[in-house]
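An overview of the molecular structure
Read off the chains here:
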Amino acid sequence: MDKYAAEAARLSDGTTDILATKKNGDPIRLAGMVMEYRVKPTKTGKKLALFFLEDLIGRVEVIAFSKTLEKIQDILPTDEPVLIKGQVRVEDRGEEETRSIQLDEATLLTEVRTRNTREVHVHVNSDVFTLESVAQLKTIMEKHPGRCDSFVKIWLPGNTVTT
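Now for a description of the structure that goes with this document. No experiment lies behind these values; they were computed from the predicted model shown. (Residues numbered from 1 in each chain as written. Predicted model: local features only at pLDDT ≥ 70, side-chain atom pairs only at ≥ 80, totals over all residues. Heavy atoms only, no water.)

Okay, the overall build of the protein chain next. Helix and strand content of the protein chain: four helices and eight strands. If you list the helices and strands of the protein chain from N to C, you get α-β-β-β-α-β-β-α-β-α-β-β. For the protein chain, the C-alpha radius of gyration of 22 Å lies well beyond 15 Å, the compact-globule estimate for 163 residues. Expressed as lengths along the three principal axes of its C-alpha atoms, the size of the protein chain is roughly 70 × 35 × 20 Å. With 163 residues in all, the protein chain has 30% of them scored as buried. (Helix = DSSP H or I, 4+ residues; strand = E, 2+ residues; numbered from the N terminus. Rg over C-alpha atoms; globule rule 2.2 N^0.38 Å. Buried < 20%, exposed > 50% of the residue type's maximum accessible area, 1.4 Å probe, protein only.)

Rendered as structure tokens:
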């Protein structure tokens, strides 16, 4: 999870410690690793999933009811970091409150990046941009075209840019 920390911070509402400030029903987005994933039958014969989402700070229990479970069954369980969206559930258990998340959506963190990327900009200093490096960059971009537009911006002396 360490290598995804910056991206997780950018895409989520914070880390698991933010739950202490949330009220019942508040929307939440968190990123982390799925731990102890299990599917159980409900009293009505449907299925629900329970797991812990663990980030660099702590962990929180997550519950996915049958409709949500149907939507995410191809994603979870996974060994990859995920971004989840849901609502905070606060349960009063006598002297203490426990917080969990009722899951609405789960997406692999790597897919969030791919889905949200609209353009790629490559910035190059003209002092180090040779014909050889142009050919190498062209080969790389042709080999890995991706799904979005790419732009090469060349920084010229005097801080001017050409695209």
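Once that is clear, we can look at the sheet that holds strand β5 (residues 96-108). One closed barrel accounts for five strands, arranged β1-β2-β3-β5-β4; its pairing is mixed. In this sheet, adjacent strand axes meet at a mean angle of 45° when their direction is disregarded. Of the pairings in the sheet, the one linking strand β1 (residues 27-41) to strand β2 (residues 47-54) comprises seven bridges and is antiparallel in character. Of the residues in β2, the one forming a bridge with R38 is L50. (Pairing = 2+ DSSP bridges. Axes fitted to C-alpha atoms, helices over the stretch in contact; angles between N-to-C directions.)

Attention now goes to the pattern of salt bridges. Here the structure, examined in full by the defined rule, presents eight salt bridges. Of the charged contacts in the structure, one is a salt bridge between D13 and R29, with a shortest N-O distance of 3.4 Å. With D13 in the loop between α1 (5-11) and β1 and R29 in strand β1, the pair connects residues that are 16 residues apart, well separated along the chain. For R89, the salt bridge identified is with E91, shortest N-O distance 3.4 Å. Note on R89: relative accessible area 23%, which makes it partly exposed. Its relative accessible area of 28% is what places E91 among the partly exposed residues. When salt bridges with common partners are traced through the structure, they connect E36, E54 and R59 into a single cluster. (Salt bridge = Lys/Arg side-chain N within 4 Å of Asp/Glu carboxyl O.)

For the rest of this paragraph, the subject is the nonpolar core. L30, L53, V62, L76, I84, I101 and L103 are the most contacted members of the largest nonpolar core, which totals 20 residues. The set of elements that each furnish at least two residues to this core consists of β1, β2, β3 (59-64), α2 (66-72), β4 (82-93) and β5. Apart from residues no more than four positions distant in its own chain, I101 is found in contact with L19, I28, L30, V60, E61, V62, I63, I84, G86, Q87 and R89. The next biggest cluster of nonpolar side chains, apart from the first, holds seven residues, and it includes Y4, L11, L83 and V112. (Core = buried A, V, L, I, M, F, W, Y, C linked by side-chain atoms within 4.5 Å. Contact = heavy atoms within 4.5 Å.)

A few words on the packing of aromatic side chains. One pass over the full model with this rule turns up one aromatic pair. Stacked on the ring of F52, the Lys or Arg R59 has its end atom at 4.2 Å from the ring centre. (Phe/Tyr/Trp six-rings, centres within 6.5 Å; stacked < 30°, edge-to-face > 60°. Lys NZ or Arg CZ within 6 Å of the ring centre and 35° of its normal.)

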